[in-house]
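Chain and residue survey
Chain residues, written in single-letter form:
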Amino acid sequence: MAKKLTFESVNCGDVLPEVRQHISQEVIWEHAVASLDYNPVHTDPEWCRTAQVFGLPVPVMHGNQTMSLMAKVVTNWAYPVGGKLKRMEVKLIKPVQVGSTCTYGAVVAEKHPIGKGENFVVLDLWAMNQDGEKVAVGTAEITLP
Amino acid sequence: MGYLEEMAKYQKTEKQKSFSADFLEGQQIEDYEFWDEIEIGKETVVPFKFEVKAEDMMAYAEGVPDANPVFYDEEYARKCGYDGLVAHPLFISQVLFFLLQKGHGSWIRTPGARNPGQIFEWHDPIRVGDILTLKNKGYDKWIKKGKYYLRYLSELYDQDGKLKVRGYITMILPKSKADVLRYVKGERALEA
């Protein structure tokens, strides 16, 4: 039986289980509806053919969907034990084209033993496309029981 | 079938069904604020509120997609140590787009806008029944390598004035209304 995740049980260097997501146009559309971000750079393939906002003739996924999937790595790991995300900082490096398949991961970088209820860890986050290129990097702070 | 009709298939909530989804529509452009008009230091409280319903929170998690039951099952969330249904951290995206449909802050809707990265701080959980108010303030804008950047502060407060989420948001925007109109026509306007 797996050991229950607690602040005490975590060590710097621990690697979190990865998340993988294929980014079809339907996945982008569903996110557009969920976030209410209908910007045509994500949603309108015809418009993207000529406007090429990122220099690409195809839609790209929302930056905040990339952030959401990076957060999913954290919430999959820590929310079942009552963890709370305090802060997240993400730099979006490369646009993610429709049709990509991305992997999202994290590693424990720091432990902050502040006191009961306040103890938190800092995670280094990354997102990578199917060609092994990083599309986003970041950090997250999360309190753990 | 057009792209807006395709997306209509995914609309589930009352807010999703009533939201004006065509960001290229002419009248909406008239109501946007553009990079060259943004006044740094100007703070506004958006004159609309977001009443949080369970369906809003669940619809966001579904659109990530993220099936973690803490986002859908209140009883399970309580067993995990929360005081109710949990909002996905980036649920705030839905709140911001709902509240920023025109005027100060509406730059997030402009065709041609790009997202280079964000910082969010969560100060207190968003809960079902919260009535959220948004405060926005642009605090820096700059030009780098021909791109027009804006950095602004967005803060969400609940009905008791408690800070829920703070975002330090950076965007790359088209410079002017004329540049946005080029994008609306589908013209490539990378230099804009």
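First, a word on what this report is: a plain description of the structure on this page. (Residues numbered from 1 in each chain as written. Chains lettered and ligands numbered in written order. Predicted model: local features only at pLDDT ≥ 70, side-chain atom pairs only at ≥ 80, totals over all residues. Heavy atoms only, no water.)

**Examining the overall build of chain A**
If you tally the helices and strands in chain A, you get four helices and five strands. Walking chain A from its N terminus toward its C terminus, one meets helices and strands in the order β-α-α-α-α-β-β-β-β. In terms of overall dimensions, chain A has C-alpha extents of about 55 × 30 × 30 Å along its principal axes. In chain A, which comprises 145 residues, the proportion classed as buried is 58%. Once local pairs closer than 6 in sequence are excluded, the contacts in chain A between residues at least 24 apart make up 64%. Accessible surface, chain A as shown: approximately 5900 Å² in total, 51% of it carbon and sulfur. Positive and negative side-chain charges in chain A, numbering 13 and 15 respectively, have mean positions lying 7 Å apart. (Helix = DSSP H or I, 4+ residues; strand = E, 2+ residues; numbered from the N terminus. Buried < 20%, exposed > 50% of the residue type's maximum accessible area, 1.4 Å probe, protein only. Contact = heavy atoms within 4.5 Å. Areas by Shrake-Rupley, 256 points an atom, 1.4 Å probe, with all protein chains shown as cover. Lys, Arg positive; Asp, Glu negative; His and termini not counted. Charge placed at Lys NZ, Arg CZ, Asp CG, Glu CD.)

**Section: helix 6 (residues 92-99) of chain B**
For helix 6 of chain B, the buried fraction is high: eight of the eight residues fall into the buried class. For helix 6 of chain B, the set of buried residues is I92, S93, Q94, V95, L96, F97, F98 and L99 of chain B.

**Quick look at the layout of surface pockets**
When its volume is computed, the largest pocket comes out at roughly 1100 Å³. If you go around the largest pocket, you meet 49 residues; those closest to its centre are L92 of chain A together with R114, N115, P116 and G117 of chain B. By residue number, the principal contributor to the lining of the largest pocket is strand 3 (residues 114-122) of chain B, which donates seven residues. Taken as a whole, the second largest pocket spans an internal volume of roughly 560 Å³. What lines the second largest pocket is a set of 28 residues, and nearest its centre among them are K84 of chain A together with Y82, D124, P125 and I126 of chain B. (1 Å grid on protein atoms, 1.4 Å probe; cavity = no way out; pocket = protein on both sides within 12 Å on 5 of 7 lines; lining within 4 Å. Points joined across faces, edges and corners; volume = space filled by probe spheres on them.)

**Regarding the pairing of strand 5 (residues 134-143) of chain A**
All names here are of chain A. Here eight bridges tie strand 2 (residues 84-92) to strand 5, and the two strands are oriented antiparallel to one another. Directly across from R87, in strand 5, lies its bridge partner E141. Bridge count between strand 4 (residues 120-128) and strand 5: nine bridges; the pairing is antiparallel. Among the inter-strand pairings, M128 is bridged to a residue of strand 5, identified as K134. Hairpin connection from strand 4 to strand 5: five residues lie between these consecutive antiparallel strands, with G132 at a positive phi of about 80°. (Pairing = 2+ DSSP bridges.)

**What to know about the nonpolar core**
Core analysis: the biggest nonpolar cluster contains 103 residues, and W77, M88, Y104, V121, L123 and I142 of chain A together with F91 of chain B have the highest contact counts within it. When residues of this core are assigned to their parent elements, the largest contribution, eight residues, is made by helix 4 (residues 63-78) of chain A. (Core = buried A, V, L, I, M, F, W, Y, C linked by side-chain atoms within 4.5 Å.)

**A word on unusual backbone geometry**
The phi torsion of most residues other than glycine is negative, and most of the peptide bonds are trans. Look at the link from V64 of chain B to P65 of chain B: it is a cis peptide, with omega at 0°. Topologically, P65 of chain B is positioned in the loop between helix 4 (54-62) and helix 5 (74-79). In the Ramachandran plot, Q52 of chain A falls in the positive-phi region, its phi being about 45° despite a non-glycine side chain. One can find Q52 of chain A in the loop between helix 3 (45-51) and helix 4. Assessed through its relative accessible area of 17%, Q52 of chain A is described here as buried. Of note in the backbone geometry, K145 of chain B takes a positive phi value of approximately 50° without being a glycine. Tracing the sequence through the fold places K145 of chain B in the loop between strand 4 (131-144) and strand 5 (147-157). Relative accessible area serves as the criterion here: at 79%, K145 of chain B is assigned to the exposed category.

**Describing empty space enclosed by the protein**
One pass over the full model with this rule turns up two cavities of 30 Å³ or more. Estimated volume of the largest cavity: approximately 40 Å³. I92, L96, F120, L134, S154, E155, L156, V165, R166 and G167 of chain B are the residues that line the largest cavity. Of all the elements in the fold, those that place two or more residues in the lining of the largest cavity are helix 6, strand 5 and strand 6 (163-173) of chain B. For the lining of the largest cavity, a count of residues per class yields six nonpolar, two polar and two charged. In this structure, the second largest cavity occupies an estimated 30 Å³ of space. Taken together, V41, W47, C48, A51, Q52, V53, F54, L56 and V58 of chain A make up the full set of residues lining the second largest cavity. If you tally residues by element for the lining of the second largest cavity, the top one is helix 3 of chain A, at three residues. Split into classes, the residues belonging to the lining of the second largest cavity amount to eight nonpolar, one polar and no charged. (Nonpolar A, V, L, I, M, F, W, Y, C, P; charged D, E, K, R; others polar.)

**Concerning the packing of aromatic side chains**
Per the counting criterion, the structure on display carries 13 aromatic pairs over all chains. Taken together, the ring pairs connect Y38 of chain A together with F19, F23 and F97 of chain B into an aromatic cluster. The ring of F120 of chain A has K86 of chain A sitting right over it, with the charged end atom 4.5 Å from the ring centre. Over the face of the ring belonging to F23 of chain B we find R109 of chain B, whose NZ or CZ atom lies 4.0 Å from the ring centre. (Phe/Tyr/Trp six-rings, centres within 6.5 Å; stacked < 30°, edge-to-face > 60°. Lys NZ or Arg CZ within 6 Å of the ring centre and 35° of its normal.)

**Regarding the interface of chain B and chain A**
Size of an interface, as often reported, equals the accessible area lost when the parts are brought together. If you look at the interface, chain B gives 54 residues, while chain A gives 49 residues. Taking both sides of the interface into account, the surface hidden between chain B and chain A amounts to around 4400 Å²; carbon and sulfur atoms contribute 61%. Linking chain B with chain A are two salt bridges. Two residues, E121 of chain B and R87 of chain A, come together in a salt bridge whose shortest N-O distance is 3.9 Å. At the level of elements, helix 1 (3-8), helix 4, helix 6, strand 3 and helix 7 (177-184) of chain B are the ones that each hand at least two residues to the side of chain B that touches chain A. Here the element with the most residues in the side of chain B that touches chain A is strand 3 of chain B; it accounts for nine residues. In terms of residue class, the side of chain B that touches chain A is made up of 32 nonpolar, 13 polar and nine charged. Across five bridges, strand 2 of chain A lies against strand 3 of chain B in antiparallel orientation. (Buried area = accessible area lost by both parts, 1.4 Å probe. Salt bridge = Lys/Arg side-chain N within 4 Å of Asp/Glu carboxyl O.)

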